[in-house]
Amino acid sequence: MTTVLSPIDGAVLALAEVPDPVFAAQMVGSGVAVRPAVSDVRVEVRSPVAGKILKLHPHAFVVFTAAKQGVLVHIGIDTVKMRGEGFELIAAEGDSVSAGDPILTYDPAAIAAAGYSDIVPVVVMDTAPDSVETTTIGSNVSVGDSLFELA
């Protein structure tokens, strides 16, 4: 079992609550989303698992675990359209990371000004819908708290 940790502070939501049909229908994979705690300073996003950064964009990253599972963290909805504005990378694609290592920071005000949702889906790629086990939906988490278990 691999424990997937929260990359940020916030409230845990079911993917069905994400305002994006691809995430809401779990087409990318199963998981949860985190609505970030209100912040007027840059937010540091941390790796939810140990592994290697397979893909890294300003608004999203995938960490590939030793168990050969890709865990996607996507900061906001439609934030790809921001073209990196308001985001700053700390890590690099190909880096090996431990759970809890900082990957990037973002400015919540920039996402709000662009008119996008700041919800952060955390998804195990290519998994069946509702295949992760969690009891955290509806609760508040701090960065590093358990979100769900990977079988």
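The structure under discussion appears in the preceding block.
Source: prediction; values computed, not measured.

(A) Main features of the overall build of the protein. A tally of helices and strands in the protein yields two helices and 13 strands. Whereas a compact globule of 151 residues would reach a radius of gyration of roughly 15 Å, the protein reaches 14 Å, a difference of no more than 12%. Taking the principal axes of the C-alpha coordinates as reference, the protein spans close to 40 × 30 × 25 Å. Considering only intrachain contacts with a sequence separation of at least 6, the fraction spanning at least 24 residues in the protein is 73%. In the form shown here, the protein has an accessible surface area of approximately 7100 Å², with 52% of it arising from carbon and sulfur atoms. Of the side chains in the protein, 8 bear a positive and 18 a negative charge, and the two mean positions are spaced by 8 Å.

(B) Quick peek at the nonpolar core. Among the nonpolar cores identified, the biggest contains 32 residues, and V45, F61, I75, I103, V122, L147 and F148 are the most heavily contacted of them. Here I103 is in contact with V45, R46, S47, I53, L56, F61, L89, I90, A91 and V97, once residues within four sequence places are set aside. Ranked by size, the runner-up nonpolar core spans eleven residues in total, among them L13, A33, V62 and L72.

(C) Region of interest: unusual backbone geometry. One non-glycine residue, K68, adopts positive backbone phi at about 65°. Topologically, K68 is positioned in the loop between β6 (60-64) and β7 (70-74). Unlike most non-glycine residues, D130 shows phi in positive territory, near 55°. Along the chain, D130 turns up in the loop between β11 (120-125) and β12 (140-141). With relative accessibility at 65%, the residue D130 sits in the exposed group.

(D) Highlighting the packing of aromatic side chains. Within this structure, the stated rule accounts for one aromatic pair. Relative to Y106, the ring of F87 lies with its centre 6.2 Å away and its plane at 35°, an arrangement referred to as tilted. Placement of F87 in strand β8 (residues 87-89) and of Y106 in strand β10 (residues 102-106) is noted, with a sequence separation of 19 residues between them. For the pair formed by F87 and Y106, the shared burial category is buried.

(E) The sheet that holds β10, seen in detail. What the three strands build is an open sheet, ordered β4-β10-β8; its pairing is antiparallel. The outermost strands of the open sheet, each flanked by one partner alone, are β4 (43-46) and β8. Averaged over all adjacent pairs, the angle separating strand axes in this sheet is 25°, with direction ignored. When β8 meets β10, the two strands line up antiparallel, connected through three bridges. The residue bridging E88 from the neighbouring strand is T105, located in β10.

(F) The arrangement of the environment of K81 in detail. Inspection of the secondary structure puts K81 in the loop between β7 and β8. For the pair formed by K81 and G138, sequence separation is 57 residues and the distance between their alpha carbons is 29 Å.

Procedures and definitions
- Residues numbered from 1 in each chain as written.
- Predicted model: local features only at pLDDT ≥ 70, side-chain atom pairs only at ≥ 80, totals over all residues.
- Heavy atoms only, no water.
- Helix = DSSP H or I, 4+ residues; strand = E, 2+ residues; numbered from the N terminus.
- Rg over C-alpha atoms; globule rule 2.2 N^0.38 Å.
- Contact = heavy atoms within 4.5 Å.
- Areas by Shrake-Rupley, 256 points an atom, 1.4 Å probe, with all protein chains shown as cover.
- Lys, Arg positive; Asp, Glu negative; His and termini not counted.
- Charge placed at Lys NZ, Arg CZ, Asp CG, Glu CD.
- Core = buried A, V, L, I, M, F, W, Y, C linked by side-chain atoms within 4.5 Å.
- Buried < 20%, exposed > 50% of the residue type's maximum accessible area, 1.4 Å probe, protein only.
- Phe/Tyr/Trp six-rings, centres within 6.5 Å; stacked < 30°, edge-to-face > 60°.
- Pairing = 2+ DSSP bridges.
- Axes fitted to C-alpha atoms, helices over the stretch in contact; angles between N-to-C directions.

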